[in-house]
Amino acid sequence: MKTTTPSRAFPPAGLRLPGRWAVLPAAVLAGAVLGGGYGALRTPEYAATSYVIVVPAGKSDPAGALGFAQAYGRVATDIAVTGDAQVWAGVSAAALRRQVTAETSPDAPMISITARAERPAKAVSMADGVARALILDSSHVAASTGVKVVQFSRATKPLDPVSPSAPLSALVGGCAGGLLGGLALLVRPRRAAARGESRHSRRAGASVPAPAVSGAHQAEAV
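Residues numbered from 1 in each chain as written. Predicted model: local features only at pLDDT ≥ 70, side-chain atom pairs only at ≥ 80, totals over all residues. Heavy atoms only, no water.

As for the overall build of the protein
Condition: Secondary structure elements are taken from DSSP: a helix is a run of H or I of four residues or more, a strand is a run of E of two residues or more, and numbering for both begins at the N terminus. Residue exposure (1.4 Å probe, protein chains only): buried if accessible area is under 20% of the type maximum, exposed if over 50%, otherwise partly exposed. Accessibility throughout is a Shrake-Rupley quantity obtained with a 1.4 Å probe, and a residue counts as covered only by protein chains that appear here.
When you go through the protein residue by residue, the secondary structure sums to 11 helices and four strands. Here the protein holds 222 residues, and 29% of them are scored as buried. Surface exposure of the protein reaches about 14,500 Å², of which carbon and sulfur atoms provide 62%.

Here is the structure:
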């Protein structure tokens, strides 16, 4: 007897349902709305950068300035907190540690001090305040270190915020929503198919009749 294997439908029936595909545009729209709302409601953040440079004091070795620049860059916020940077910037010590970062160059004894704040003028005052604290601290210990920190460039007032705008946040949110919606479409049909195969196997097992026992076998058993 010739048996035929039923052909498997592709794509699965769950994916061919129009209601299931509506999840993807709905997820994109929801992500865009949430992202745009976050970008619109979030307070803009501005960044200002002040630059200082470490120079040899007196007849000290110029090569040592690069090493001291690396050291000053690591402890810039600590020096600012213990110094007068809080007074000059008008912020707390916690704000200085949280909103100010210092970076050094591997090729030059220069330190860039970047401050982020919700107002451009506040970002400038924080960056310049930390730079001023470094300059003052280096002058106190110049006799022992052989170097001092001098101002290279003061911070300029930023014109545009560095935080993401509302359109950019909406774009990122839409992409994230589309990714999650696509993953949901890929995962749910597989689970539904697995549950359907499990129910089909249970029904097939329940419908198989028990083997009949012939009369001769019954007599032998007696």
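Let's talk about the nonpolar core
Cut-off, in case you're wondering: Here, nonpolar core means buried Ala, Val, Leu, Ile, Met, Phe, Trp, Tyr and Cys residues that are tied together by side-chain atoms lying within 4.5 Å of each other. What makes two residues a contact is simply this: any of their non-hydrogen atoms within 4.5 Å.
One finds Val54, Leu96, Ile113, Met126 and Leu134 to be the most contacted residues of the largest nonpolar core, which totals 31 residues. Secondary-structure elements contributing two or more residues to this core are β1 (46–56), α4 (64–74), α5 (76–82), α6 (85–89), α7 (93–99), β3 (110–117), α8 (120–140) and β4 (147–153). Here this core gets eight residues from one element, more than from any other, and that element is α8. Here Leu96 is in contact with Thr77, Ala80, Val81, Ala85, Gln86, Val91, Met126 and Val130, once residues within four sequence places are set aside.

Regarding the packing of aromatic side chains
The test is simple: Think of it this way: a Phe, Tyr or Trp ring, Trp meaning its six-membered ring, pairs with another when their centres are within 6.5 Å, and the plane angle makes it stacked under 30 degrees, edge-to-face over 60, tilted otherwise. A ring is considered to have a charge above it if a Lys NZ or an Arg CZ atom is located within 6 Å of its centre and within 35 degrees of its normal.
Taken as a whole and judged by the stated rule, the model has zero aromatic pairs. Its end group placed over the ring of Trp88, Arg132 keeps NZ or CZ at 4.0 Å from the ring centre.

As for the confidence of the model for the protein
As a reminder of what qualifies: Values of pLDDT, the confidence the predictor places in each residue, fall between 0 and 100.
Taken residue by residue, the protein gives an average pLDDT of 74. The fraction at 70 or more is 57%. Across the protein, element-level confidence peaks in β3 with a mean pLDDT of 94 and bottoms out in helix α11 (residues 215–221) with 45. Below a pLDDT of 50 lies the segment residues 213–222, which in the model reaches one contact outside its immediate sequence neighbourhood of four places, other chains included.

So, the pattern of salt bridges
Our working definition: Definition used for salt bridges: Asp or Glu carboxyl oxygen within 4 Å of a side-chain nitrogen of Lys or Arg.
Within the structure shown, the criterion is met by five salt bridges. The residue Arg119 makes a salt bridge to Glu118 at a minimum N-O spacing of 4.0 Å. The salt bridge partner of Arg154 is Asp128, with a shortest N-O separation of 3.4 Å. Here Arg154, found in the loop between β4 and α10 (166–207), pairs with Asp128, found in helix α8; they are 26 residues apart in sequence, far enough to count as distant. For Arg154, a relative accessible area of 54% puts it in the exposed group. One salt-bridge network, in which partners are shared between bridges, spans Glu118, Arg119 and Lys122.

A short note on the sheet that holds β3
What counts is decided by this rule: Here, any two strands with at least 2 DSSP bridges between them count as paired. In this description, a line fitted to the C-alpha atoms serves as the axis of each element, helices being fitted only across the stretch in contact, and the angle between N-to-C directions of two axes falls anywhere from 0 to 180 degrees.
With respect to topology, four strands assemble into an open sheet ordered β2-β3-β1-β4, the strand pairing being antiparallel. Looking at the sheet topology across the chains shown, the edges are occupied by β2 (100–104) and β4. Neighbouring strand axes in the sheet, compared pairwise and without regard to direction, differ in orientation by 25° on average. Where β2 and β3 come together, five bridges link them in antiparallel fashion. Each bridged residue has a counterpart across the sheet, and for Thr101 the counterpart in β3 is Thr114.

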